[in-house]
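Inside the fold
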Amino acid sequence: MTETLRSPLLFALVAALLIGTGIVQGWNSALVILNMGLISAIMALGVNLQWGFAGLFNVGVMGFVALGGLAAVLVSMPPVPDAWSAGGPRIVVAMLLGAATIFVAMVVQRRIPPGRSRTWATIGVLVAGFILYRLAFDPAKSAVESVDPASTGYLGGLGLPIVLAWPVGAALAAGAAWIIGKTALGLRSDYLAIATLGIAEIIIAILKNEDWLARGVKNVSGLPRPVPLEIDLQQDPGFVERAAGLGFDPVLASTLYVKLAYAALFALVLIALIWLAQKALASPWGRMMRAIRDNEVAAEAMGKDVTARHLQIFILGSAICGLAGAMMTTLDGQLTPGTYQPLRFTFLIWVMVIVGGSGNNFGAVLGGFLIWWLWVQVEPIGLGVMNLITSGMADGSWLKDHLLDSAAHMRLLTMGLILLIVLRFSPRGLIPER
Amino acid sequence: MDALNALVVFANFVLIPATAYGAQLALGALGVTLIYGILRFSNFAHGDTMAFGTAVAILATWALQAAGIGLGPLPTALLALPVGILGAMALVLLTDRGVYRFYRAQRVKPVIFVIVSMGVMFVYNGLTRFVIGVDDQRFADGERFVISVREFREATGLAEGLALRTTQLLTVVVAIIAVALLFWFLNRTRTGKSMRAFSDNEDLALLSGINPERVVLVTWLIVAALAATAGVLYGLDKGFKPFVYFQLLLPIFAAAIVGGLGNPLGAIAGGFVIAFAEVTITYPLKRVLGYLLPESLEPDGLVQLLTTDYKFAVSFGILLVVLLFRPTGLFKGKAV
């Protein structure tokens, strides 16, 4: 099989898998998988930018994705006026105090010559600033959280259209990436991995516990949608007529229509990003990135600022993950911090990139679709396999029950095995870098 | 009297728990740091190695309990620990054969090893869930307390009580034994010395006839023993949840880096630094300060610097500070 034929065939295979799902399990399921596959492909593009272009190992994808989800809430939900009058301005003041503390500490670091006095001055500024911040923040926080905690208890958002949240999510993720990159880039490659692992856990902890921000584990649901509601469509006589004209039941037609509308929106973003990433890859900038990845010492000798370029691409890749996170929360219509798990949101994306082909944008996209399809389907397949294995055993025997129960855990095992097998036998992935 | 009461409260809620936790972290960080020193990569599968070893030990504990074998006041899990260690050893040796050895022969970049260890982590995580499921398991039995709050109050006549749980004392004792054995091995035996030589300078070690595969094998065995021990002690102390072990990766890595990656002494120090910082910062100090300060100054709030939900933020903050100001760690590790 020639290289040029390979990728169209693989994409045709993914399309066939989706169509097969549509025929066997219903078109709604197929479209659910397609929509999440589109989002996964965008996340994979972001990680591929970092790993494939620059060789940076980011294991904090989950955190950036969650920041995107936070952006969706902050931008699109209507503001809660009572909460704002109860403590909104005070929270803003507290945040400014916190920022001022860090700023003063940085000034101290820069102005005072290194030595014991500088260390103590920095610590003093930080401690005093922290106390001031807590004095301003704690009462404001409890005031906001006590405003009708069952339905709001948070500041709400800006009440803007949710599509605006997508770039905002990217910006939030970029900000977090800047902090991490400034600290951990330029050191050993493992340090970036550990630092990103840490920031992801902390972002999730913040989302779970800061109720004033996005209601914590009480979740924010009913986010505004960029597409019409199914119910509205079913009550629209024009839509019902058109559906009947095509031979569809109105309920089925409305669900399919909404999912297709999401798919079109997501596909638009994905195509734009692929185009940008391809342009970047072929540009002098992309060549420089790959040169740095392949030999940092040589690139540095040619006068390239390796750490600055790494920081740049790390921020770009994380921003794409944030964008995808905002899109995902838009699709779900709710922000549920409890569902963010690193195995699902960080490591699965990595499997996508590596299986698809790191360094190749189309490879990453293919991996996104293929692995997402597999992730969804492994559970029913695993259950089928387990049923087959245990069919000869007596009903009620503990081994049979145990095996049937554990079919639910097949996913992690399968994903790990796929990753290890691809790394071992085809380390460049399904669509290798050119 | 007030000062004594303050001390007792502090010991009860900060000193004792932090010491036990620090010992568990230190054992975990020792494993990470040894892998880093000899095999030269950050092993992301370490948390799940701990979980797997613990799961095996728990199964063995249940078997022993069913057979009516126990240690009286001590937890049965102590008898089951060797089984857990053997299980973890078998697992890591199989993994090394099947996975890591190939990449060692290819001499790939360390970051590839890290990605491979991520795949291994996935597989271990699935295996652990396969073996024992996802539910919480409590497997501590025997005497619960060495000193209970009431006994302490009656014996001393103080207003505040102090409790020392068996598992906490046991953690520290077992950790001391394990660390003593490890250092004896590294400093006194021929194999241990060859390991240190290999860690200091691989090429020189190879030239002087050290068999690298043997060094790697012994390292994995030691790491598996440390991981299973740390896992069982943590599980005895706080209960076993497969997912928590994965989250322990962050404080463990932080401990290893704070101490200086590749430096065993540093790993122990780092473990205690992280544990004490975490427990002190997330404990409400109101009661301690209430005894120490005059009444007019007594704080109104809880004086809890961060809620316990942010304990990871503590390890992370310390990690960031160390990376910013002293990337080689407190004890001069090898990483830059």
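Residues numbered from 1 in each chain as written. Chains lettered and ligands numbered in written order. Predicted model: local features only at pLDDT ≥ 70, side-chain atom pairs only at ≥ 80, totals over all residues.

For chain B, the helix and strand inventory stands at 14 helices and two strands. Over its C-alpha trace chain B gives a radius of gyration of 21 Å, about what one expects of a compact globule, namely 20 Å for 336 residues. Along the first, second and third principal axes, the C-alpha set of chain B runs to 70 × 55 × 35 Å. Expressed as a percentage of its 336 residues, the buried residues of chain B come to 47%. Across chain B, the fraction of contacts at a sequence separation of at least 24, relative to all contacts at a separation of at least 6, is 76%. (Helix = DSSP H or I, 4+ residues; strand = E, 2+ residues; numbered from the N terminus. Rg over C-alpha atoms; globule rule 2.2 N^0.38 Å. Buried ≥ 20, exposed ≤ 12 C-beta atoms within 10 Å, placed from the backbone. Contact = placed C-beta atoms within 7 Å.)

Right, let's talk about the overall build of chain A for a bit. For chain A, the helix and strand inventory stands at 18 helices and two strands. Against the globule reference of 22 Å for 434 residues, chain A gives a C-alpha radius of gyration of 25 Å, in line with a compact fold. Considering only C-alpha atoms, chain A reaches an extent of 75 × 60 × 55 Å along its principal axes. Out of the 434 residues in chain A, the part that is buried amounts to 43%.

Next up on the list: the interface of chain A and chain B. How big an interface is tends to be stated in terms of accessible area lost as the parts join. Contact with chain A, which involves 33 residues of that partner, is made by 36 residues of chain B. At the level of elements, α6 (165-184), α7 (189-209), α15 (342-356) and α18 (410-425) of chain A are the ones that each hand at least two residues to the side of chain A that touches chain B. With 13 residues, α7 of chain A is the largest single contributor of residues to the side of chain A that touches chain B. For the side of chain A that touches chain B, a count of residues per class yields 20 nonpolar, eight polar and five charged. (Nonpolar A, V, L, I, M, F, W, Y, C, P; charged D, E, K, R; others polar.)

This next bit is on the environment of Asn387 of chain A. Its location among the elements puts Asn387 of chain A in helix α16 (residues 361-390). With 16 residues separating them in the primary sequence, Asn387 of chain A and Leu403 of chain A have C-alpha atoms 8.8 Å apart.

In this structure, Ile42 and Ile320 of chain A together with Ala26 of chain B are the most contacted members of the largest nonpolar core, which totals 230 residues. When residues in this core are grouped by element, the largest group, 19 residues, is from helix α1 (residues 2-39) of chain B. For this core, the two domains that each supply at least three residues are domain 1 (3-79 + 156-425) and domain 2 (80-155) of chain A. The contact partners of Ile320 of chain A, leaving out residues within four places of it in the chain, are Ile42, Leu45, Gly46, Leu49, Ala170 and Leu273 of chain A. (Core = buried A, V, L, I, M, F, W, Y, C linked by C-beta atoms within 7 Å. Domains from an automatic or database assignment.)

It is worth spelling out the environment of Gly37 of chain B at this point. Residue and element names in this part refer to chain B. Examined against the element boundaries, Gly37 turns out to sit in helix α1. Residue classification places Gly37 among the buried positions, given that 21 C-beta atoms sit within 10 Å. For the pair formed by Gly37 and Ala256, sequence separation is 219 residues and the distance between their alpha carbons is 11 Å. Apart from the residues within four sequence positions on either side, Gly37 is in contact with Ser199 and Gly262.

The end-to-end C-alpha separation of α16 of chain A is 42 Å, in line with the 44 Å expected for 30 residues at 1.5 Å each. Of all the bends in α16 of chain A, the greatest, near 40°, is centred on Gln377 of chain A, and the proline Pro380 of chain A appears no more than four residues after it. (Expected span 1.5 Å × (residues − 1). Bend = angle between axes of the 7 residues up to and from the residue.)

What follows concerns the domain arrangement of chain A. Partitioning chain A into domains gives domain 1 (3-79 + 156-425) and domain 2 (80-155). Grouping the amino acids of the side of domain 1 of chain A that touches domain 2 of chain A by side-chain chemistry returns four nonpolar, one polar and two charged.

This part covers helix α4 (residues 81-111) of chain A. All names here are of chain A. With 31 residues, α4 ought to run about 45 Å at 1.5 Å a step, and its terminal C-alpha atoms sit 43 Å apart, in line with that. Those residues of α4 lying buried are Ala83, Ala86, Gly87, Gly88, Ile91 and Ala94. Residues of α4 that are buried make contact with α5 (116-145) and α8 (211-214).

Residue Asp148 of chain A is not a glycine yet carries a positive backbone phi of 45°. Structurally, Asp148 of chain A is set in the loop between α5 and α6. A count of 12 C-beta atoms within 10 Å places Asp148 of chain A in the exposed class. Look at Arg40 of chain B: it is not a glycine, yet its phi comes out positive at around 65°. Here Arg40 of chain B is to be found in the loop between α1 and α2 (46-66). On the basis of neighbour count, Arg40 of chain B is assigned to the partly exposed category, with 17 C-beta atoms found within 10 Å.

All names here are of chain A. The geometry of α16 relative to α18 is characterised by a closest axis approach of 9 Å and an angle of 120° between their N-to-C directions. Judged on the interaxial angle alone, α18 and α16 are oblique. As α16 runs across α18, the sense of the crossing is right-handed. Here Trp375, Val378, Glu379 and Gly382 of α16 come into contact with α18, specifically with Met410, Arg411 and Thr414. Here the contact of α16 with α18 is built from residues that sort into three nonpolar, two polar and two charged. (Axes fitted to C-alpha atoms, helices over the stretch in contact; angles between N-to-C directions. Parallel < 35°, antiparallel > 145°, perpendicular 65-115°, else oblique. Left-handed = near helix turned anticlockwise from the far one by under 90°.)

All names here are of chain A. Running from N to C, helix α2 (residues 27-54) and α15 point in directions that differ by 70°, and their axes come no closer than 9 Å. Viewed along their axes, α2 and α15 adopt a mutual orientation that is roughly perpendicular. Contacts from Ser40, Met43, Ala44, Val47, Asn48, Trp51 and Gly52 in α2 reach Ile349, Trp350, Met352, Val353 and Gly356 in α15. Along the lines of polarity and charge, the residues of the contact of α2 with α15 split into eight nonpolar, four polar and no charged.

Turning our attention to the confidence of the model for chain B. Averaged over all residues, the pLDDT of chain B equals 87, while 96% of them reach at least 70. For this predicted complex, the interface confidence reaches an ipTM of 0.85, while the overall pTM sits at 0.89. (pLDDT = per-residue confidence, 0-100.)

Quick look at the confidence of the model for chain A now. Segments scoring low in pLDDT should not have their predicted coordinates read at a detailed level. This prediction gives chain A a mean pLDDT of 88; 99% of its residues lie at or above 70. No element of chain A has a lower mean pLDDT than helix α17 (residues 398-406) of chain A, which averages 74, and none a higher one than helix α14 (residues 306-332) of chain A, which averages 94.

All right, on to the environment of Ala173 of chain A then. All names here are of chain A. Along the polypeptide, Ala173 turns up in helix α6. Taking the C-alpha atoms as reference, Ala173 lies 5.1 Å from Ala319; in sequence the two are 146 residues apart. If near-sequence neighbours (up to four positions away) are discounted, Ala173 is found in contact with Phe64, Leu67, Gly68, Ser318, Ala319, Cys321 and Gly322.

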